[in-house]
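As a plain string of letters, each chain reads:
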Amino acid sequence: MLWYAHMLIAAAAVSFYTLNPYLILLGALVAVVPDLDHPFGHRGWFSHSILAISVMSVIIYFFARDVALLITVFIALGSHLLADLITKSGIPLLYPAVKKSISIPLFPSTGRKTNKLAALIGLCILSLNLLASFGYFINY
Ligand SMILES: [Zn+2]
């Protein structure tokens, strides 16, 4: 997935946990961190595994001492892994237990159309959560 799809999917995922706009924005920004691994080999174990996102989340907690921040970062990074998991290339999700990349290829390709569709789904979910928080769907 591309950066904008990861950001919108993470924002949508975090919006199920909290509607704090700062945490949603933080989640969207954090969601691109695993893809900063390009100089070291994209989708390596140190960026795209449950172990890696757990370590990253704990490091954030170690410095910030904020459980909401810890959960937000973990959800955002987890959404990144799930989004990459459904691509054909897959990720080493269970490293070091399983070193091979795992894939659940729900999308036939990871081209621009797929990324735009994923971003649109993320945006729709985020919008629905925000509208629901304002009481938009309450029937009197
Ligand atoms: Zn990735």
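Residues numbered from 1 in each chain as written. Predicted model: local features only at pLDDT ≥ 70, side-chain atom pairs only at ≥ 80, totals over all residues. Heavy atoms only, no water.

Enquirer: Looking at this model, I keep getting lost on the overall build of the protein. Mind explaining?
Expert: Broken down by element type, the protein carries five helices and zero strands. Along the protein, helices and strands appear, N-terminal first, in the series α-α-α-α-α. Radius of gyration (C-alpha) of the protein: 15 Å, near the 14 Å computed for a compact globule of 140 residues. Summarising its shape, the C-alpha atoms of the protein cover approximately 55 × 40 × 25 Å along the three principal directions. Taking all 140 residues of the protein together, the buried fraction comes to 39%. A total accessible area of about 8200 Å² is found for the protein, and carbon and sulfur atoms account for 73% of it. Across the protein, the 8 positively charged side chains and the 4 negatively charged ones have centroids separated by 11 Å. (Helix = DSSP H or I, 4+ residues; strand = E, 2+ residues; numbered from the N terminus. Rg over C-alpha atoms; globule rule 2.2 N^0.38 Å. Buried < 20%, exposed > 50% of the residue type's maximum accessible area, 1.4 Å probe, protein only. Areas by Shrake-Rupley, 256 points an atom, 1.4 Å probe, with all protein chains shown as cover. Lys, Arg positive; Asp, Glu negative; His and termini not counted. Charge placed at Lys NZ, Arg CZ, Asp CG, Glu CD.)

Enquirer: Would you mind going over unusual backbone geometry with me for this structure?
Expert: Most peptide bonds take the trans configuration, and most residues that are not glycine carry a negative phi. The peptide bond linking Tyr95 to Pro96 adopts the cis configuration, its omega dihedral lying at 5°. Here Pro96 lies in the loop between helix H4 (67-85) and helix H5 (112-133). Its identity is not glycine, yet Arg65 carries a phi of approximately 55°, on the positive side. Turning to its location among the elements, Arg65 is positioned in the loop between helix H3 (50-64) and H4. Looking at Arg65, the relative accessible area reads 56%, which means it is exposed.

Enquirer: Explain the coordination of the zinc ion here, please?
Expert: Tetrahedral coordination by four donors puts the ideal angle at the metal at 109.5 degrees, and octahedral coordination by six puts it at 90 or 180 degrees. Taken together, Asp35 (OD), His48 (NE2), His80 (NE2) and Asp84 (OD) make up the protein donors of the zinc ion, found 1.9 to 2.2 Å from the metal. Between the four donor atoms coordinating the zinc ion, the angles at the centre fall across 93 to 165°, so the site counts as irregular. Sequence positions of the donors to the zinc ion reduce to the motif D-x12-H-x31-H-x3-D. Of this pair, Asp35 sits in the loop between helix H2 (21-30) and H3 while His48 sits in the loop between H2 and H3, and the two are 13 residues apart along the sequence. (Donors = N, O, S within 2.8 Å, 3.2 Å for Na, K, Ca; no water. Tetrahedral: all angles 85-135°; square planar, octahedral: opposite > 155°, others 65-115°.)

Enquirer: Hey, could you run me through the pattern of salt bridges in this one?
Expert: One pass over the full model with this rule turns up one salt bridge. Among the ionic pairs, Asp84 bridges to Arg43, the shortest N-O distance being 3.1 Å. Of this pair, Asp84 sits in helix H4 while Arg43 sits in the loop between H2 and H3, and the two are 41 residues apart along the sequence. Arg43 carries the same exposure label as Asp84, and that label is buried. (Salt bridge = Lys/Arg side-chain N within 4 Å of Asp/Glu carboxyl O.)

Enquirer: Would you explain the packing of helix H1 (residues 3-17) against H4 in this entry?
Expert: Describing two packed helices takes the angle between their axes plus the distance from one axis to the other. Put simply, H1 and H4 touch, their axes get as near as 9 Å, and they point 135° apart. When the interaxial angle is binned, H1 and H4 end up oblique. Handedness of the crossing formed by H1 with H4: right-handed. Across from His6, Ile9, Ala10, Ala13, Val14 and Tyr17 in H1, the residues of H4 making contact are Ala68, Ile71, Thr72, Ile75, Ala76, Ser79, His80, Ala83 and Asp84. Across the contact of H1 with H4, the residue classes tally to ten nonpolar, four polar and one charged. (Axes fitted to C-alpha atoms, helices over the stretch in contact; angles between N-to-C directions. Parallel < 35°, antiparallel > 145°, perpendicular 65-115°, else oblique. Left-handed = near helix turned anticlockwise from the far one by under 90°. Contact = heavy atoms within 4.5 Å. Nonpolar A, V, L, I, M, F, W, Y, C, P; charged D, E, K, R; others polar.)

Enquirer: What exactly am I supposed to notice about the side chain of His48 here?
Expert: Residue classification places His48 among the buried positions, given a relative accessible area of 0%. There is a polar contact of 3.1 Å between the side chain of His48 and the side chain of Asp35. A distance of 3.1 Å separates polar atoms of two side chains, one belonging to His48 and the other to His80. Sequence-distant contacts of His48, defined by excluding residues within four places in its chain, comprise Pro34, Asp35, Asp37, His42, Arg43, His80, Leu81, Asp84, Ile91, Pro92 and Leu93. (Polar contact = N/O pair within 3.5 Å; in protein donor to acceptor, adjacent residues only side chain to side chain.)

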